[in-house]
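Notes for the structure review
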Amino acid sequence: MIRHCVFIRFRPEVSEAEKAAIFAEISALKERLPGFRAAHVGTNVSPETGMDKGYGEGFIVDFADARARDAYLDDADHRTTGAKLVAAAEGGLQGIFVYDLEIPD
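Everything numeric in this text was worked out from a predicted model, so none of it was measured.

Reading guide: rules and limits
- Each chain has its residues counted from 1, running along the sequence as written.
- Only residues with pLDDT of at least 70 are given local features in this predicted model, and only at 80 or more are side-chain atom pairs given and counted; all residues enter the totals for whole chains, interfaces and linings.
- Note that the side-chain values use all heavy atoms of the structure and ignore hydrogens as well as water.
- To obtain each axis, a line is fitted to C-alpha atoms, and for helices this fit is confined to the stretch in contact; angles are then taken between N-to-C directions over 0 to 180 degrees.
- The helix count covers DSSP runs of H or I at least four residues long, the strand count covers runs of E at least two residues long, and both are numbered beginning at the N terminus.
- Should any heavy atoms of two residues lie within 4.5 Å, those residues are counted as being in contact.
- In this classification, the charged set is Asp, Glu, Lys and Arg, the nonpolar set is Ala, Val, Leu, Ile, Met, Phe, Trp, Tyr, Cys and Pro, and all remaining amino acids, among them Gly, are polar.
- UniProt positions are given in the numbering used here, feature names are shortened, and annotations may be inferred rather than shown by experiment.
- Within this scheme a cavity is a closed region of a 1 Å grid, computed over the protein atoms alone, that accommodates a 1.4 Å probe without allowing it to escape, whereas a pocket is open but has protein on both sides within 12 Å along at least five of seven lines; lining residues each have an atom within 4 Å of a point.
- Grid points are joined across faces, edges and corners, and a volume is the space filled by probe spheres set on the points.
- Type-normalised accessible area, obtained with a 1.4 Å probe on protein chains alone, sets the label of each residue: buried when under 20%, exposed when over 50%, and partly exposed for intermediate values.
- Any two strands with at least two DSSP bridges between them are considered paired.
- Should an angle fall under 35 degrees it is called roughly parallel, over 145 degrees roughly antiparallel, and 65 to 115 degrees roughly perpendicular, with every other angle called oblique.
- Left-handed describes a crossing whose near helix is turned anticlockwise from the far helix through less than a right angle; right-handed describes the clockwise counterpart.

It is worth spelling out the packing of helix α2 (residues 66–74) against helix α3 (residues 76–88) at this point. Across the interface, α2 lies against α3 with an axial gap of 5 Å and an inter-helix angle of 65°. Residues Tyr72, Leu73 and Asp74 of α2 touch α3, and the partners they reach there are Ala76, His78 and Arg79. Split by residue class, the contact of α2 with α3 holds 3 nonpolar, 1 polar and 2 charged.

This is how it looks when you write it as structure tokens:
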């Protein structure tokens, strides 16, 4: 399994509704992409003050394997939503941190 973790520093003027719409678009991909197991979105709730380095919100997507993750990355709707995410992030790509973790089944 691949756990795809994406953490975002949103620009201050990005509304909660805009954030929710982006996260909903990511989650909706599960309906049509094989191997997209689950999506989790939310705000950082860690008590470790400052450890998030300003990446206060994000999402995690679980994929069956690297092939499913790669299909998601190549998907046209994902690319469209990804562009919205980059536009909403502080400093564009500088405001997004991605980390993929392989988890043995």
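Right, let's get into the UniProt feature "domain: Stress-response A/B barrel" (unreviewed entry) in the chain. UniProt tags residues 2–101 as "domain: Stress-response A/B barrel" (unreviewed entry). Across residues 2–101 one finds 35% helix and 28% strand; the C-alpha atoms that close the span lie 6 Å apart.

This part takes up the layout of surface pockets. In this structure, the largest pocket occupies an estimated 200 Å³ of space. As for the largest pocket, its lining consists of 14 residues, of which Val6, His78, Leu85, Ile96 and Val98 are closest to the centre. Breaking the lining of the largest pocket down by element, the ones donating at least two residues are β1 (2–8), α2, α3 and β4 (96–102). Among the elements that line the lining of the largest pocket, the one with the most residues is α3, at 5 residues.

What follows is about the pairing of strand β3 (residues 57–63). Judged by how many residues are buried, β3 sits mostly within the fold: 6 of 7 residues are covered. Of the pairings in the sheet, the one linking β1 to β3 comprises 7 bridges and is antiparallel in character. Each bridged residue has a counterpart across the sheet, and for Phe7 the counterpart in β3 is Gly58. Where strand β2 (residues 36–43) lies against β3, 7 bridges are found, and the strand directions are antiparallel. When the sheet's bridge partners are listed, Phe36 is paired in β3 with Phe63.

Packing of helix α1 (residues 16–28) against α3 leaves a shortest axis separation of 10 Å and a crossing angle of 155°. With respect to each other, α1 and α3 are oriented roughly antiparallel. Seen from above, α1 lies across α3 with left-handed handedness. Counting all contacts with α1, which are made through Glu18, Ile22, Glu25 and Ile26, the residues of α3 involved are His78, Thr81, Lys84, Leu85 and Ala88. Here the residues of the contact of α1 with α3 sort into 4 nonpolar, 2 polar and 3 charged.

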